[in-house]
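Secondary and tertiary structure notes
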Protein chains: 2
Amino acid sequence: MAQTITPRGTDYAQWYNDLIIIGNLADYSAVRGCMIIKPYGFALWENMQQQLDKMFKDTGHSNVYFPLFVPKSLFEAEEQNAAGFAKECAIVTHYRLKSDPNKPGKLMVDPEAKLEEELIVRPTSEAIIWSTFKNWIQSYRNLPLLLNQWCNVVRWEMRTRLFLRTAEFLWQEGHTAHATAQEAIDETLKMLDVYTDFAENWMALPVIKGKKSAAERFAGAMDTYCIEAMMQDGKALQAGTSHFLGQNFAKAFDVKFSNKDNTLEYVWATSWGVSTRLIGALVMAHSDDQGLVLPPKIAPIQVVIIPIFKGEDTKEALNTVCLNLYNQLKQSHIRVKLDNNDNTRPGWKFNEYETQGVPIRISIGSKELQNNHLEIVRRDTKEKTLIPVEDAFTYITNLLIGIQTNLFEKAKVFQQQRTKKINTLDELNTFLDQEPGFALIHWDGTTESEEKLQTLTKATIRCIPLEPIHESGFCIISGKPSSQRVVAARAY
Amino acid sequence: MAQTITPRGTDYAQWYNDLIIIGNLADYSAVRGCMIIKPYGFALWENMQQQLDKMFKDTGHSNVYFPLFVPKSLFEAEEQNAAGFAKECAIVTHYRLKSDPNKPGKLMVDPEAKLEEELIVRPTSEAIIWSTFKNWIQSYRNLPLLLNQWCNVVRWEMRTRLFLRTAEFLWQEGHTAHATAQEAIDETLKMLDVYTDFAENWMALPVIKGKKSAAERFAGAMDTYCIEAMMQDGKALQAGTSHFLGQNFAKAFDVKFSNKDNTLEYVWATSWGVSTRLIGALVMAHSDDQGLVLPPKIAPIQVVIIPIFKGEDTKEALNTVCLNLYNQLKQSHIRVKLDNNDNTRPGWKFNEYETQGVPIRISIGSKELQNNHLEIVRRDTKEKTLIPVEDAFTYITNLLIGIQTNLFEKAKVFQQQRTKKINTLDELNTFLDQEPGFALIHWDGTTESEEKLQTLTKATIRCIPLEPIHESGFCIISGKPSSQRVVAARAY
């Protein structure tokens, strides 16, 4: 039985959840705040992961794996970082269960199996990695060290939402070590560019690159850079961050190298990450009231072919046409599915693949067969076209590119329409309440004004754009002079 | 400075550790029993993982991701499984740290942030997965469900060894649900065949397929099948397991489906897994006193090319020859590295790549250049050959296949030489002490005799071979009649 998706206009948050659950991306689990990524959702993540992994390797990074656990003494070594994550971490205190004498068949924590030192389930791995770098880095010849790992992390969030904010999530975390500050800053910005490239050219998600304010910085970083995307409700979503960590972790873990002049110096660091949160961004950026809309470049199924059988006489001929096209597309490495399952009606199938956001649906019935035509429906615009069978392959390969481009352009236009220069608090509140988006405002650069802004508007400063909007003006909060506009928005 | 590998004959266990550390596969971490997989080791794991993943997908399985944590009440639901893992699991009891009032700058577990229900860090995922299957499976139309996940698991082992036995390890765990017992048994055996194919044809590791005795069965399984490999010291290593779980988990979590006759039945289950332990097997099966020996099909670097510069006059010409060959190999998707780094001497490089087990090393100096020759050294036999430059590409592609075959054949011959029919306890102890391997013994099938065997010889019954060695005889322990020999060995 087909489940119904709540329309965006009725309840945006419910629409989002419906897309995830009915679109078969993920499910709730028995563990508070943790979700299950289902086959379709995981196939999407694999496509994203493989492309990102290629980009990391092409920029010289190697994958590694560091332990899940961080001993408390290491966790607390870089104090700012520790303070930033202390309030939301899962802590392992015991290593054994035993039979509960009072409840037959049940288990209890064995009080005798208490760890001497508690282990923190990693919320991020700077601490465990930099405690190791001490052994790996002695000389400038060991630098740069360009590492990445794909793994799970845990942050004990109180309010969770599928993909956007879960207690456990999957991510990649890049960790690099450098001989100079400049080299580390260059790396930080290079990886921000990689994320931008991926978001825009693979996820069809236009983003603004910027630097975070001091208050929004990663705990332990000197500077945090980010890419900010706009969702269809006009809210901002931070889609990736890249941190210049300075020498903070090198100092906390005493990681020094001898430079070319044989002098000891602390090592410079970066870290950068994107997570399964990106799937939340993807869902909210492109989907509609009928279901998911996925960009062809990362869609698990790019094309679905559905023969429409009416009686047995044309069945074989229909299957043959479909199978030929299937093989042709498959050979060109297009992710194609042929659904000639007899037990399900075409209408049900159409609905299913629409809900799942398959970019192109191809169908053929007896009438089309007679005219040697295929019906091709694109998911993004729902436009239907009849195409001669012999032209289908070329049409489809072009259409995949067309859909990818269209999704990006549409999102870009939306982002531009919803990005406005705003000069007063009243104007800002009206903007955020009525047709929200990115407000370009003047800000005096102080944390005090930033906090007031949040209290008065529920918006935060998303970033100071890297392509600066130089313009003199006055801080929307304090009235003090400002030389550059920043991006403010309500955010996920 | 090159570190020295302890010879096998001097200290086998130290030789193994040296290979891992000096060969750059892994490192110790600050967390008890957990290791760090370094870039070279992780590249090896990625090659193994990608091939296995392809094999799983080719046999119809989809990847998913289930939570890291298992609530205690779910963990204990299948009692045998729970009992099997209770003594070695990491337990999360708290979700917050706070500043320690007695130690400025330090953190302590916040006693107010105690979880209502403890969370077990998954040692395996049957419990969390089958608690979910209850919601996913209603009808025979939902079956079979063929899932797999790549993830980390934690088992609090007391004595740990790099790759072979670590508190945290990476693995894949397949979990499938079926309508009939026969279908589940077929799946169990199919995945055992996939593991055998991978071990033999990719890792060059000959294995014996068999069924475990009741005592060695996976906790919660009806039958456990395994592949057993032989290491160079004659010890056995279990390289993969595939479990027929019967309806145990379906009953524990009340997972029923309505069959075609509309009757409710419990679902049948399998699970199967291989882990980073395979890297330990790989290392011990093929390596020698000079370092690692890796099979070409999964080696991170298959071919290394090293020009030997003497003076500036031939440098450009040497580089050109090397670069041409490099490009030619690269285009054929051979994993090739060109090391023309000026700062390191050739002898040092030769040693480095030998230690790391690179299957083929190619070098060229002025003399070879003059004769238009390359020197090619294969890692497995250390044989050197001079080959005309124009023949190099064909020679190398053939040699990669040749090395792969040779490693398998060599290991196979060793396994056969060290597999012996043994009829008395004295004979068995002599065999195990002097030139150990797989002892084919008669066993009466009882756990009692199996336990005595272990006490008296430190050997365990590794498996009852699937290709049965039918033969009447008498149990080596009890003297009772037996109709089939089983494989006994000391094991990792």
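Residues numbered from 1 in each chain as written. Chains lettered and ligands numbered in written order. Predicted model: local features only at pLDDT ≥ 70, side-chain atom pairs only at ≥ 80, totals over all residues. Heavy atoms only, no water.

**So, the overall build of chain A**
In terms of helices and strands, chain A carries 14 helices and 26 strands. Since a compact globule built from 492 residues should have a radius of gyration of about 23 Å, the 26 Å found for chain A is in line with a globular shape. Reported as C-alpha extents along the three principal axes, the dimensions of chain A are approximately 80 × 70 × 55 Å. Looking at chain A as a whole, 59% of its 492 residues qualify as buried. Partitioning the intrachain contacts of chain A with sequence separation of at least 6 by distance along the chain shows that 67% fall at a separation of at least 24. (Helix = DSSP H or I, 4+ residues; strand = E, 2+ residues; numbered from the N terminus. Rg over C-alpha atoms; globule rule 2.2 N^0.38 Å. Buried < 20%, exposed > 50% of the residue type's maximum accessible area, 1.4 Å probe, protein only. Contact = heavy atoms within 4.5 Å.)

**Remarks on the domain arrangement of chain A**
Residue and element names in this part refer to chain A. If you check the domain split of chain A, you get domain 1 (12–91 + 127–286), domain 2 (303–402) and domain 3 (419–489). Taking only C-alpha atoms into account, the centre of domain 1 sits 27 Å from that of domain 3. In this complex, domain 1 contributes 20 residues to the contact, which on the side of domain 3 involves 16 residues. Summing both sides of the interface, domain 1 and domain 3 together bury roughly 1400 Å²; the carbon and sulfur share of this comes to 66%. For the domain 1 face of the interface with domain 3, the top three residues by lost area are Ile208, Ser213 and Met230, together amounting to 30%. Our count for the contact surface shared by domain 1 and domain 3 stands at 1 salt bridge. As a salt-bridge pair, arginine 462 and glutamate 228 come within 3.0 Å of each other at their nearest N and O atoms. On the surface where domain 1 and domain 3 come into contact, there are 5 residue pairs in polar contact (both at pLDDT 80 or more). (Domains from an automatic or database assignment. Buried area = accessible area lost by both parts, 1.4 Å probe. Salt bridge = Lys/Arg side-chain N within 4 Å of Asp/Glu carboxyl O. Polar contact = N/O pair within 3.5 Å; in protein donor to acceptor, adjacent residues only side chain to side chain.)

**Overview of helix 9 (residues 315–331) of chain A**
Residues lying three or four places apart along an α-helix face the same way, a consequence of the helix completing one turn every 3.6 residues. Residues and elements named next belong to chain A. For helix 9, built from 17 residues, the straight-helix expectation of 24 Å at 1.5 Å per residue is met to within 8% by its first-to-last C-alpha distance of 24 Å. Among all positions of helix 9, only Lys315, Leu318, Val321, Cys322, Leu325, Tyr326 and Leu329 are buried. Taken end-on, helix 9 shows its buried residues confined to a sector of 140 degrees, consistent with a single buried face. The exposed residues of helix 9 that point more than 90 degrees off its buried face are Glu316 and Gln331. Where helix 9 is buried, its residues contact strand 17 (303–307), strand 18 (336–338), strand 19 (360–364), helix 11 (366–370), strand 20 (373–378) and helix 12 (392–417). Two residues or fewer after helix 9 comes histidine 333, characterised by a positive phi angle close to 60 degrees. (Expected span 1.5 Å × (residues − 1). Arc of directions from axis to C-beta.)

**Side note on the relation of the copies chain A and chain B**
Mapping chain A onto chain B is achieved by rotating through 180 degrees and translating by 0.0 Å along the same axis, at an RMSD of 0.0 Å. Taken together, the rotation and translation relating the two chain copies correspond to the operation of a two-fold axis. When C-alpha positions in chain A are compared against the rotation axis, the closest is assigned to A:Val92, at 2.1 Å. (Least-squares fit on C-alpha atoms with pLDDT ≥ 70 in both.)

**Let's talk about the nonpolar core**
The nonpolar side chains of a soluble globular protein tend to be buried with one another. By size, the foremost hydrophobic cluster in this structure holds 230 residues, and its most contacted members are A:Phe69, A:Trp130, B:Phe69 and B:Trp130. Leaving out residues up to four positions away in the same chain, B:Phe69 has contacts with A:Val31, A:Cys34, A:Ala90, A:Val121, A:Val154, A:Trp156, B:Val92, B:Leu119, B:Ile120, B:Val121 and B:Ile128. Ranked by size, the runner-up nonpolar core spans 27 residues in total, among them B:Val293, B:Leu325, B:Leu329 and B:Leu338. (Core = buried A, V, L, I, M, F, W, Y, C linked by side-chain atoms within 4.5 Å.)

**Brief notes about unusual backbone geometry**
Here the amide bond leading from A:Leu143 into A:Pro144 is cis, since omega sits at -10 degrees, within 30 degrees of zero. Residue placement: A:Pro144 occurs in the loop between helix 5 (126–136) and strand 9 (145–154). Its identity is not glycine, yet B:Lys382 carries a phi of approximately 65 degrees, on the positive side. Mapped onto the elements of the fold, B:Lys382 is located in the loop between strand 20 (373–378) and strand 21 (384–388). Its relative accessible area of 34% is what places B:Lys382 among the partly exposed residues. Backbone geometry at B:Lys458 places phi at a positive 60 degrees, although glycine is not the residue there. Along the chain, the position of B:Lys458 falls in the loop between helix 14 (447–457) and strand 24 (460–465).

**Considerations on the pattern of salt bridges**
Evaluated as defined, the whole model comprises 46 salt bridges over all chains. When the shortest N-O distance is used, the salt bridge between A:Glu471 and A:Arg485 registers 2.9 Å. Of this pair, A:Glu471 sits in strand 25 (residues 469–474) while A:Arg485 sits in strand 26 (residues 481–489), and the two are 14 residues apart along the sequence. Salt bridges sharing common partners tie together A:Glu46, B:Asp53 and B:Lys57.

**Topic: the interface of chain A and chain B**
Across the boundary between the two partners, chain A contributes 62 residues, which contact 62 residues of chain B. Of the roughly 5000 Å² buried where chain A meets chain B, counting both sides, 69% is carbon and sulfur surface. A salt bridge links B:Glu46 to A:Lys57; its shortest N-O distance comes to 3.2 Å. Where chain A touches chain B, the interface holds 30 residue pairs in polar contact (both at pLDDT 80 or more). Two elements, strand 5 (residues 91–94) of chain A and strand 5 (residues 91–94) of chain B, share 3 bridges in a ladder whose sense is antiparallel. What sits directly across from A:Val92, in strand 5 of chain B, is B:Val92. (Pairing = 2+ DSSP bridges.)

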